[in-house]
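Working through the structure, step by step
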There are 2 protein chains.
Amino acid sequence: MKIKIVRSILEANDRIAEENRLLFKEKGLFVVNLMSGPGAGKTSVLVETIKRLKEKGVQSAVIEGDIEGTEDADRISALEVPVVQINTGGACHLDANMVRQAVQDLELNGAKILFIENVGNLVCPAEFYVGEDMKVMVLSVTEGEDKPTKYPLMFRESKTLLINKIDLLPYLDLDLEKLKNTASKINPSLKMFDISCKTGKGIDKWVDYLLEFIN
Amino acid sequence: MKIKIVRSILEANDRIAEENRLLFKEKGLFVVNLMSGPGAGKTSVLVETIKRLKEKGVQSAVIEGDIEGTEDADRISALEVPVVQINTGGACHLDANMVRQAVQDLELNGAKILFIENVGNLVCPAEFYVGEDMKVMVLSVTEGEDKPTKYPLMFRESKTLLINKIDLLPYLDLDLEKLKNTASKINPSLKMFDISCKTGKGIDKWVDYLLEFIN
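Small disclaimer: the values here were computed from a predicted structure and weren't measured. (Residues numbered from 1 in each chain as written. Chains lettered and ligands numbered in written order. Predicted model: local features only at pLDDT ≥ 70, side-chain atom pairs only at ≥ 80, totals over all residues. Heavy atoms only, no water.)

**Some words on the nonpolar core**
- Ranked by internal contacts, the top residues of the largest apolar core, which has 48 residues, are Val141(A), Leu161(A), Val141(B) and Leu161(B).
- Of all the secondary-structure elements, those providing two or more residues to this core are strand E5 (134-140), helix H6 (152-157), strand E6 (160-164) and helix H7 (176-186) of chain A together with strand E5 (134-140), helix H6 (152-157), strand E6 (160-164) and helix H7 (176-186) of chain B.
- Among all residues touching Leu161(B), those that are not within four sequence positions of it are Met137(B), Leu139(B), Phe155(B), Ala183(B), Leu190(B), Lys191(B), Met192(B) and Phe193(B). (Core = buried A, V, L, I, M, F, W, Y, C linked by side-chain atoms within 4.5 Å. Buried < 20%, exposed > 50% of the residue type's maximum accessible area, 1.4 Å probe, protein only. Helix = DSSP H or I, 4+ residues; strand = E, 2+ residues; numbered from the N terminus. Contact = heavy atoms within 4.5 Å.)

Pasting the structure below:
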């Protein structure tokens, strides 16, 4: 019975997500669903990415998902890009309907790329397609090398993995190669970038890769 | 309608949790529900805590909650304490029924304290009472000072907050006092400890505090 309810929720979600996808296509938007556990650095990744895209003449727009608060939206709007905050009021992920509502409030101002920053959670966001073109996962090196085995769905669903905070590697016991090998076993086509939002290392490479998807 | 379903799930959960609580009481167990986001160091906290409790003559038992895998249970069983693994198979939190099943498989061997390591998630675990005496939250300093505002329920529900990985503070821009002030505003009675599982700093203080609750 419980499974049946969950399935019907996911089916309803997918129908709305498909409508979102068509709307995004119509508007010429490439859409990234950005996911991670709490504090892995999604907003910092956005800040660094949006700045560099702007330098290359590509304007971004952002939907910020948080249970409560507007800190991230405030950080993003300082970059002078259109941003809408979704407060889920308890829900642990964004769903297609929340995104649909948010898009209606978003002034695109010529944006070519829309970033949807999901709620910080390595589990549930991976289950909900919201109409995006690409799921991007951020993992902080401080989280340890066992995460792919423990949270396989998110690693499986993501097209790209940003391994963040590599400036902290000298102070950790992390085996970065082991982490990457485990992630590759779970998702052999996962594209990985080592980055540090603090030092800027690796960000240009990631942005160049992203630009390949934008017209 | 959706709210009604969720409420009935939570009510059913609370009934079983109450049964768990009575069972724990009968067995003379103090029960800790250990929660955090992914990679904040719950298992390392357990390893350091269990070792020190053993030195003081207090035996522990552990229920390990993970979506998949047995890495954490393997680390814990190396300490020669009774441990049972729950694999939630996708679910993002432990509920009272899962804990009830696991307790049936647990050989207590004179344990006075039971640690329930929840799924790494700052959202959903806080909603599910499993019959524990104390909710303890672990937060890594690498996660940033904005977590109390973004995940208020977990901070509100927890009795104790272990601020972990303080050995990394010199390499971060974290304002530890600001973090604590924000957490205190959300939960004025929250007891906080600064700890490092790597250097051992602060662990004895936390264990002394924990011992006050154990007969």
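**With respect to the sheet that holds E5(B)**
Residue and element names in this part refer to chain B.
- Taken in spatial order, the seven strands make up an open sheet running E3-E2-E4-E1-E5-E6-E7, and their pairing is parallel. Looking at the sheet topology across the chains shown, the edges are occupied by strand E3 (83-87) and strand E7 (191-194). Averaged over all neighbouring strand pairs, the angle between strand axes comes to 20 degrees, with direction disregarded.
- When strand E1 (residues 30-36) meets E5, the two strands line up parallel, connected through five bridges. Its bridge partner lying in E5, serine 36 is registered against valine 138. (Pairing = 2+ DSSP bridges. Axes fitted to C-alpha atoms, helices over the stretch in contact; angles between N-to-C directions.)

**A short note on the pattern of salt bridges**
- Counted under the stated rule, the structure contains 28 salt bridges over all chains.
- For the salt bridge of Glu48(A) with Arg52(A), the shortest nitrogen-to-oxygen distance reads 3.0 Å. Of this pair, Glu48(A) and Arg52(A) are both found in helix H2 (residues 42-55), four residues apart, which corresponds to roughly one turn of the helix. With respect to class, Glu48(A) is no different from Arg52(A); both count as buried.
- The partner of Lys51(B) in a salt bridge is Glu48(B), and the shortest N-O contact between them spans 3.9 Å. Of the two residues, Lys51(B) and Glu48(B) both sit in helix H2 (residues 42-55), three residues apart, roughly one turn of that helix. (Salt bridge = Lys/Arg side-chain N within 4 Å of Asp/Glu carboxyl O.)

**Quick look at the confidence of the model for chain A**
- Here chain A averages 94 in pLDDT, and 97% of its residues register 70 or above.
- For this predicted complex, the interface score ipTM comes out at 0.87, alongside a pTM of 0.92. (pLDDT = per-residue confidence, 0-100.)

**Some points on the packing of aromatic side chains**
Residues and elements named next belong to chain A.
- For the structure on display, the rule yields 11 aromatic pairs over all chains.
- Between phenylalanine 193 and tyrosine 209 the ring centres are 5.0 Å apart and the planes differ by 50 degrees, which places this aromatic pair in the tilted class. In this pair, phenylalanine 193 is assigned in strand E7 (residues 191-194) and tyrosine 209 in helix H8 (residues 203-211), connecting sequence segments 16 residues apart.
- Classification of phenylalanine 193 as buried rests on a relative accessible area of 8%.
- On the basis of relative accessible area, tyrosine 209 is assigned to the buried category, the value being 10%.
- Taken together, the ring pairs in this structure connect Phe30, Phe193, Trp206, Tyr209 and Phe213 into an aromatic cluster. (Phe/Tyr/Trp six-rings, centres within 6.5 Å; stacked < 30°, edge-to-face > 60°.)

**Overview of unusual backbone geometry**
- Even without glycine at this site, Asn109(A) takes up a positive phi of about 45 degrees.
- Mapped onto the secondary structure, Asn109(A) falls in the loop between helix H4 (96-104) and strand E4 (113-117).
- At Lys165(B), a residue that is not glycine, the phi angle is positive and equals roughly 65 degrees.
- In this structure, Lys165(B) sits in the loop between E6 and H7.

**Here's the deal with the state of the cysteines**
Residues and elements named next belong to chain B.
- Considering all chains together, one arrives at zero disulfides over all chains under this definition.
- Free cysteine cysteine 92: the closest other cysteine sulfur is in cysteine 124, separated by 3.3 Å.
- Accessibility expressed as a relative area gives 5% for cysteine 124, which makes it buried. (Disulfide = S-S within 2.5 Å.)

**Observations regarding the interface of chain B and chain A**
- Taken together, the contacts link 32 residues of chain B with 32 residues of chain A.
- The largest share of the area that chain B buries against chain A comes from Pro38(B), Lys150(B) and Tyr171(B), three residues that together contribute 22% of it.
- At the junction of chain B with chain A, the criterion picks out four salt bridges.
- For the salt bridge of Asp72(B) with Lys150(A), the shortest nitrogen-to-oxygen distance reads 2.6 Å.
- Linking chain B with chain A are 11 residue pairs in polar contact (both at pLDDT 80 or more). (Buried area = accessible area lost by both parts, 1.4 Å probe. Polar contact = N/O pair within 3.5 Å; in protein donor to acceptor, adjacent residues only side chain to side chain.)

**Quick word on the pairing of strand E3 (residues 83-87) of chain A**
Residue and element names in this part refer to chain A.
- Of the two faces of E3, only one is covered, namely that formed by Val84 and Ile86; the face formed by Val83, Gln85 and Asn87 stays uncovered.
- Direction of pairing for strand E2 (residues 60-66) relative to E3: parallel, over a ladder of five bridges. By the bridge assignment for E3, glycine 65 is matched with isoleucine 86.
- Crossover E2 to E3 through helix H3 (residues 71-77) is right-handed. (Right-handed = clockwise from strand over helix to strand, strands pointing away.)

**Quick look at the packing of H2(A) against H8(A)**
Residue and element names in this part refer to chain A.
- Two elements in contact, H2 and H8, have axes whose closest approach is 10 Å; the angle formed by their N-to-C orientations is 65 degrees. The way H2 lies across H8 gives a crossing that is right-handed. Seen from H2, the contacting residues are Val45, Glu48, Thr49, Arg52 and Leu53; seen from H8, they are Ile203, Asp204, Trp206, Val207, Leu210 and Leu211.
- The class makeup of the residues in the contact of H2 with H8 is seven nonpolar, one polar and three charged. (Left-handed = near helix turned anticlockwise from the far one by under 90°. Nonpolar A, V, L, I, M, F, W, Y, C, P; charged D, E, K, R; others polar.)

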